[in-house]
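# Structural characterization, general
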Amino acid sequence: AVAGKQQQEKFVVFDFGNLPIVLSCPHGGSLTPESVMDRVTGCFERDFSTIKLVLALVDAMQARLGTDKRPFVVVNNLHRSKLDPNRACADACHPACPQSQNAWCEYHHSIEVAVAFCIGRFGFCHVFDIHGQSHRPATELGYLVRTADLLLSDPELDASDASTRCSVAALLAQRPHVTLSALVRGPRSLGALLEERGFAALPSPAHPSPRSKEETYFWGAHTAWRYGGVPIPGPVQAAAATVPAPATAASLDGIAADETKSHTEQSKRSRQAHGSEVHAVVTGAGNRPGAHTGINTLLAG
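None of the values given here were measured: they were computed from a predicted structure.

Leu-23, Ile-130, Leu-141, Tyr-143, Val-145 and Leu-180 are the most contacted members of the largest nonpolar core, which has 35 residues in total. With six residues, helix H2 (residues 50–65) is the single largest residue contributor to this core. If we skip the residues at most four places from it in the chain, Leu-180 touches Val-145, Leu-157, Asp-158, Ala-162, Ser-163, Cys-166, Val-168 and Leu-172. In terms of nonpolar packing, the next biggest core, distinct from the first, is built from 30 residues, Cys-97, Tyr-107, Cys-125 and Val-127 among them.

Now for the pairing of strand E3 (residues 72–76). Across the five residues of E3, five count as buried, placing the element largely inside the fold. Alternating residues of E3 divide into Phe-72, Val-74 and Asn-76 and Val-73 and Val-75, and every residue in both groups is buried. The pairing of strand E1 (residues 12–15) with E3 spans four bridges and is classified as antiparallel. Bridging across to E3, Val-13 finds its partner in Val-75.

Note that Ser-167 resides in the loop between helix H7 (162–165) and helix H8 (169–174). Of the polar contacts made by the side chain of Ser-167, one reaches the backbone oxygen of Ala-238; its length is 2.6 Å. Setting aside chain neighbours within four positions, we find Ser-167 in contact with Gly-142, Tyr-143, Leu-144, Ala-224, Gly-228, Gly-229, Val-236, Gln-237, Ala-238 and Ala-239.

Before going further, it helps to spend a moment on unusual backbone geometry. Of note, the amide linkage connecting Leu-202 to Pro-203 takes the cis form, showing an omega dihedral of 0 degrees. Positive phi values are uncommon outside glycine, yet Ser-49 reaches one of about 65 degrees. Topologically, Ser-49 is positioned in the loop between strand E2 (21–25) and H2. Here the phi dihedral of Leu-144 falls at roughly 65 degrees; this positive angle occurs in a residue that is not glycine. Structurally, the position occupied by Leu-144 is in the loop between strand E5 (139–142) and helix H5 (147–150). Judged by its relative accessible area of 7%, Leu-144 falls in the buried class.

What follows covers the pattern of salt bridges. For the coordinates displayed, the defined rule picks out 11 salt bridges. The residue Asp-161 makes a salt bridge to Arg-165 at a minimum N-O spacing of 3.1 Å. Assessed through its relative accessible area of 21%, Arg-165 is described here as partly exposed.

So, about the pairing of strand E4 (residues 125–133). Among the nine residues in E4, eight count as buried, and that is most of the element. By the bridge criterion, four bridges tie E2 to E4 in an arrangement that is parallel. Among the inter-strand pairings, Val-22 is bridged to a residue of E4, identified as Val-127. Two strands pair when backbone bridges link them, and E4 and strand E7 (residues 236–244) are joined in this way by nine bridges, in the parallel orientation. Its bridge partner lying in E7, Gly-132 is registered against Val-243.

Rules of the game
Residues numbered from 1 in each chain as written. Predicted model: local features only at pLDDT ≥ 70, side-chain atom pairs only at ≥ 80, totals over all residues. Heavy atoms only, no water. Core = buried A, V, L, I, M, F, W, Y, C linked by side-chain atoms within 4.5 Å. Buried < 20%, exposed > 50% of the residue type's maximum accessible area, 1.4 Å probe, protein only. Helix = DSSP H or I, 4+ residues; strand = E, 2+ residues; numbered from the N terminus. Contact = heavy atoms within 4.5 Å. Pairing = 2+ DSSP bridges. Polar contact = N/O pair within 3.5 Å; in protein donor to acceptor, adjacent residues only side chain to side chain. Salt bridge = Lys/Arg side-chain N within 4 Å of Asp/Glu carboxyl O.

Structural data, given as structure tokens:
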């Protein structure tokens, strides 16, 4: 049993944080152990350098906010041919492979622990699911708002049912004066903030939608749905950030830092409302301020 646990820790890395931000990395892993059976359906292509991008994001956030501040980080280190945790478990693994199924459970349990801690301490949580792509020189932001939805005008989008099935529905409920179109492609949207810093993004005011339904655009999948698109306790917002290669951490770090600072007052009010923190017992390097030793060990190995 101990050996199995040690092997499992190599497959999934969870570094504990103290910001209301969770960075998940499902497709950057490279491990292909023979003991884990290959998946039989789906996409098997690995996202290039997304683990390094997540580490760079952590470093950039700490450089901006202080070395005692850090997001939660959850990384799948298995190759996508073995495990795709951005899918439901039935599609993520070989159906007869308990090792990959256990890794899927560990991956999502880690995100759940992080989300629960953030809700208990801050009253809210942002989940950023980090991906890579090579078909567009822009960061694609996925909120479970489909291409067909983005092709609508702002009034049409706001009148559609996209507001209730998107992965930022909790934020819209918190702020009834904000419309979905403003949140995903308005002047203060995440895409707008990225473009203010010189990084093209879609959706954004400059790029409100793909040019057609046929154009490739990653609008979010299981992780965005699981944490932002279904009713769960507390205000959780989720977004898939699919970054073009080569990517730099600057394209995302400023946004996450701005999100944290802009919610300072919300955090204070939420702590008063929620009372005591949610306490999670997590061991390892991730508990030390500024540490992400677990992931670095995997990269070195």
